Amino acid sequence: MADITSMPNSTTVLIVGAGPSGLVAALSLLHHGFKDFVVVDAVEQGENSSRALVVHAATLEALDTIDCGAEIAEKGIKARNVNFGNRSSNIISTNLSSLDKYTRHPYALIIPQNLTEYILGEKFKGYGVTVHRPCKVASLKMNENDDNLTDVTFEDGKTITAKYVIGADGARSVVRRMAGIGFTDPKTGEKGDRITNLDQMVLADVIYEGKRNNGMEFSGTMSPESFFLCVPLPNSFNDFLAKNGQEVQDQIYRIGAGVPLVDGEIPHSPSKEYLQNLVDRFGPTFLSSDASVNPNPTPVRIKEVIWSTRFRTHSAIADKTFTRLDGDELQGATVGADKITTKHGGIILLVGDAAHIHSPAGGQGMNLGIRDAVFLGEALVKHINASASQPSSVDADYILREFGEERHKRALEVIALTKNMLSFMGMPDKKISWLFPISATTVRDWVMWLGFKFSFMQAKMAWAMSGLGRR
């Protein structure tokens, strides 16, 4: 880690945010032979929590192109099956083997985000580069002497001048806000979002008493009032925690659950007792602490909470991924390289949660952000080289507009997918109609049970989850 005093006064590229998207953007630039950049982050080293959990095939493929996939794949659990059921029994098992003919990574890789960040950070350090922390952006403005440069000032008064500023600073992106870029829900459904049982959720990493990982896989439990997730985390996560002074010998599980709105607001950091109540109400019965419900001789209880959080599920997308600060934004139709145009203002680019957010359904968020960053590195180096080799009157911005339009399109596709999954998994328990007094959740379970008996449905779900069709 480098502090702000060692930061240069100027750079070609400034990357704001050192989460997965920011680190991968830097690694992509390094892979393409470009080193004139600075990475800053607002938080101290080690403050990042577990959060995202899954790295999908398309993301590993993208990381492979910049020589970063192997280290991550080595540390995770390669889940080949994803199970869904009700509280008492399994309904379907989605086998990912159909991906074998399309990818070197036919699985969902279970690995917590902070471990992913650590691996990427170590790769980054291997190039002899450091992240400047803590550096909180206070303002962005056009440079007085060159209107194609941006002056970025931090809260302590330090200023750095950059030609390109990459906002990888999360859902509450300061870069996005100061660049005047809107961030709204795209309303992919004609009537907007439907209210579901997953409007507010809890995530936690826990240890159970009396429970060992006896072949337990990635599993989701649907109930009339909620959806419950339980996934065993890799042993490498225990090793990672130990490096940071937290010794954990037992198997760690990620759990997640929707909390009905009638329960009120979720506590800021849900306690062991709060989480246990959710497990007993919405989890599979074999994880229940109630001996009268649990089919096994010994009830299961949460022994320790490693980390817990709450959040609301919502979606938003930036109006644009590429713009120029206080200049001609040139966000219309793609302009070819032979076109002549006037352009002013330092370049602003967004990746990851700064560009788009959505529900965690399907584990797509971090994946989309990482792919943004991998492809941005290539596009940015092309733009830098084109700008240097062509007359100033020739527009090279078509390179970044094409990148921005493509990533915006991919984000809209993922938002639509996650909204549909959220509506399906969090379907409220109500009668279909007075003519058919059957619970909608019962019909959903029947449809899943029948539909996933067909291999093509299994393959379709595996393909959608993998991201291979929308890299």
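What you see is a predicted model; the values in this text were computed from it and never measured. (Residues numbered from 1 in each chain as written. Predicted model: local features only at pLDDT ≥ 70, side-chain atom pairs only at ≥ 80, totals over all residues. Heavy atoms only, no water.)

Engineer: How would you sum up the sheet that holds strand E17 (residues 301-312)? Please name residues and give values.
Structural biologist: Sheet strands pair via backbone hydrogen bonds, and the direction of the pair is either parallel or antiparallel. Strands sit in the order E6-E5-E14-E15-E16-E13-E17 across an open sheet of seven strands; the sheet is mixed. In the strand order of this sheet, the two ends are held by strand E6 (90-95) and E17, each with one partner. Pairs of neighbouring strands in the sheet enclose a mean axial angle of 20°, with direction left out of account. The pairing of strand E13 (residues 200-209) with E17 spans ten bridges and is classified as antiparallel. The residue bridging Val 202 from the neighbouring strand is Arg 310, located in E17. Across the sheet, helix H10 (residues 440-451) lies against strand E5 (81-85), E6 and strand E14 (218-223), angled at about 45° from E6, the strand it touches most. (Pairing = 2+ DSSP bridges. Helix = DSSP H or I, 4+ residues; strand = E, 2+ residues; numbered from the N terminus. Axes fitted to C-alpha atoms, helices over the stretch in contact; angles between N-to-C directions. Contact = heavy atoms within 4.5 Å.)

Engineer: Mind laying out the pattern of salt bridges, listing which residues take part and the relevant values?
Structural biologist: Proximity of charged atoms lets side chains of opposite charge pair with each other. The tally for this structure, following the rule as stated, stands at 18 salt bridges. Residue Arg 51 is joined to Glu 117 by a salt bridge in which the shortest nitrogen-to-oxygen separation is 3.2 Å. Residue Arg 51 is located in the loop between strand E2 (37-40) and strand E3 (54-55), and its partner Glu 117 is located in helix H4 (residues 113-125); the two are separated by 66 residues in the primary sequence. Residue classification places Arg 51 among the partly exposed positions, given a relative accessible area of 32%. (Salt bridge = Lys/Arg side-chain N within 4 Å of Asp/Glu carboxyl O. Buried < 20%, exposed > 50% of the residue type's maximum accessible area, 1.4 Å probe, protein only.)

Engineer: I'd like a description of helix H2 (residues 57-64), backed by residues and values.
Structural biologist: What sets the pattern is the α-helix's 3.6 residues per turn: residues three or four places apart point alike. Across the eight residues of H2, seven count as buried, placing the element largely inside the fold. Listed in full, the buried residues belonging to H2 are Ala 57, Ala 58, Thr 59, Leu 60, Glu 61, Ala 62 and Leu 63. Packed against the buried residues of H2 are helix H1 (20-31), E3, helix H3 (69-75), strand E7 (108-110), helix H8 (365-389) and helix H11 (455-466).

Engineer: Any details on unusual backbone geometry? Residues and values, ideally.
Structural biologist: Arg 133 connects to Pro 134 through a cis peptide bond whose omega is -20°. Relative to the helices and strands, Pro 134 is located in the loop between strand E8 (131-132) and strand E9 (137-142). At Asp 67, a residue that is not glycine, the phi angle is positive and equals roughly 60°. Counting through the fold element by element, Asp 67 comes out in the loop between H2 and H3.

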